[in-house]
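# Report on the structure
Okay, here's what each chain looks like letter by letter:
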Amino acid sequence: MKTDAEVRLGKREEEAKCAAMDAGQLYRIVGQQVRRIRQQRRLTQEKLAERAGVSLSFVDHIERGSRKLSLETFCRIARALDCTANDLLPMEGEAVRRSALELLRCAAALVEMSVPTEA
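This one's a predicted model, so the numbers in the text were calculated from it and none came from an experiment. Counting restarts for each chain: residues are numbered from 1 in the order of the written sequence. Side-chain atom pairs in this predicted model are given and counted only at pLDDT of 80 or more, local residue features only at pLDDT of at least 70, and totals for whole chains, interfaces and linings cover all residues. To get the side-chain values, all heavy atoms of the structure are used, and hydrogens and water are removed first.

## Overview of the overall build of the protein
- If you tally the helices and strands in the protein, you get six helices and zero strands.
- By the criteria applied, helices consist of DSSP H or I runs no shorter than four residues and strands consist of E runs no shorter than two, each listed in order from the N terminus. Seen in sequence order, the protein has helices and strands lined up from the N terminus as α-α-α-α-α-α.
- In the protein, which comprises 119 residues, the share counted as buried stands at 30%.
- If you take every contact in the protein between residues at least 6 apart in sequence, the share linking residues at least 24 apart comes to 57%.
- All accessible-area figures derive from a Shrake-Rupley calculation using a 1.4 Å probe, and residue coverage is judged against the displayed protein chains alone. A total of about 8300 Å² of accessible surface is found on the protein, and carbon and sulfur atoms cover 52% of it. Buried means the residue's accessible area, taken with a 1.4 Å probe over protein chains only, is under 20% of the maximum for its type, while exposed means over 50%, and partly exposed covers the values in between. Residues are treated as being in contact if the distance between any of their heavy atoms lies within 4.5 Å.

## Topic: the nonpolar core
- Residues belong to one nonpolar core when they are buried, are Ala, Val, Leu, Ile, Met, Phe, Trp, Tyr or Cys, and are joined through side-chain atoms within 4.5 Å. Core analysis: the biggest nonpolar cluster contains 21 residues, and Val34, Ile77, Leu81 and Leu88 have the highest contact counts within it.
- Those elements that provide at least two residues to this core are α1 (4-40), α2 (45-52), α3 (56-64) and α4 (71-80).
- Contacts of Leu81, omitting those with residues within four sequence positions, involve Val34, Ile37, Arg38, Arg41, Leu43, Leu48 and Leu88.

## Overview of α3
- Residues of α3 that are buried: Phe58, Val59, Ile62 and Glu63. Angularly, the buried residues of α3 cover 135 degrees about the axis, an arc narrow enough to put them on a single face.
- Residue Gly65 follows α3 closely and has a positive phi angle near 75 degrees. Note that the arc is computed from the directions linking the helix axis to the C-beta atoms.

## Examining the confidence of the model for the protein
- Overall, the prediction assigns the protein a mean pLDDT of 78, with 58% of residues at 70 or greater.
- At the level of individual helices and strands, the protein shows its lowest average pLDDT in helix α6 (residues 94-114), which scores 63, and its highest in α2, which scores 97. One number per residue, pLDDT, summarises how confident the predictor is, and it ranges from 0 to 100.

## Examining the pattern of salt bridges
- For salt bridges, the criterion is a side-chain nitrogen of Lys or Arg within 4 Å of an Asp or Glu carboxyl oxygen. This structure, assessed with the given rule, holds five salt bridges.
- With a shortest N-O distance of 2.9 Å, Arg64 and Asp60 are connected by a salt bridge. Of this pair, Arg64 and Asp60 are both found in helix α3, four residues apart, which corresponds to roughly one turn of the helix.
- Residue Arg64 is classed as partly exposed on the basis of its relative accessible area of 44%.
- In this structure, Arg76 and Glu72 form a salt bridge, with 3.2 Å as the shortest nitrogen-oxygen distance. Of this pair, Arg76 and Glu72 both sit in helix α4, four residues apart, which is roughly one turn of that helix.

## Re the packing of α2 against α3
- At a minimum axis separation of 8 Å, α2 and α3 run at an interaxial angle of 105 degrees. As summarised for this structure, α2 and α3 are arranged roughly perpendicular, according to the angle between their axes. Seen from α2, the contacting residues are Gln45, Glu46, Leu48 and Ala49; seen from α3, they are Leu56, Val59, Asp60 and Glu63.
- In terms of residue class, the contact of α2 with α3 is built from four nonpolar, one polar and three charged. Lines fitted to the C-alpha atoms define the axes, with helices restricted to the stretch that makes contact. Angles between their N-to-C directions range from 0 to 180 degrees. Any angle that falls under 35 degrees is termed roughly parallel, while one over 145 is termed roughly antiparallel, one within 65 to 115 roughly perpendicular, and all others oblique. Lys, Arg, Asp and Glu make up the charged group, whereas Ala, Val, Leu, Ile, Met, Phe, Trp, Tyr, Cys and Pro make up the nonpolar group; the residues left over, Gly among them, are polar.

## Points about the environment of Gly65
- The topology assignment puts Gly65 in the loop between α3 and α4.
- Along the backbone, Gly65 and Gln32 are 33 residues apart, and their C-alpha atoms lie at a distance of 7.8 Å.

Here it is in C-alpha cells:
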C-alpha cells in the first residue's frame, strides 16, 4: 500500500505530464495571439523585440509557438504590446482560458516543489 506522500507525488507527476502534453498547444495559441495583437498595433517583430527586451529571433519563435517563454517574458511581451496577460490567452472559450490558467498554476507549483526547504 502506498503512503500519503507517495500518492501525492504520483498525483504531482501526473499533473506535470498533463501540463506538458497541453503546453505545446498553449504556446502555439499564445504565439498566434501575440502575432495578431502585434499586427493590430502595427508593430514589427523588431519593434516588439526592442520593447520587450528580447531578440528578434525569439519573437519569431514565440509567434510560431516553437519556443517556450517564461512567465516573466510573457508579462514583458504583454506590456510591450500594451495589453493584459489575459489578452494573450486563448479566446475560444472560458474552458480553454481556465485550462491555460491551470497550466500556469501547475508550473508555479512545480517551481515551488523544486525549491529546497529549510529543515
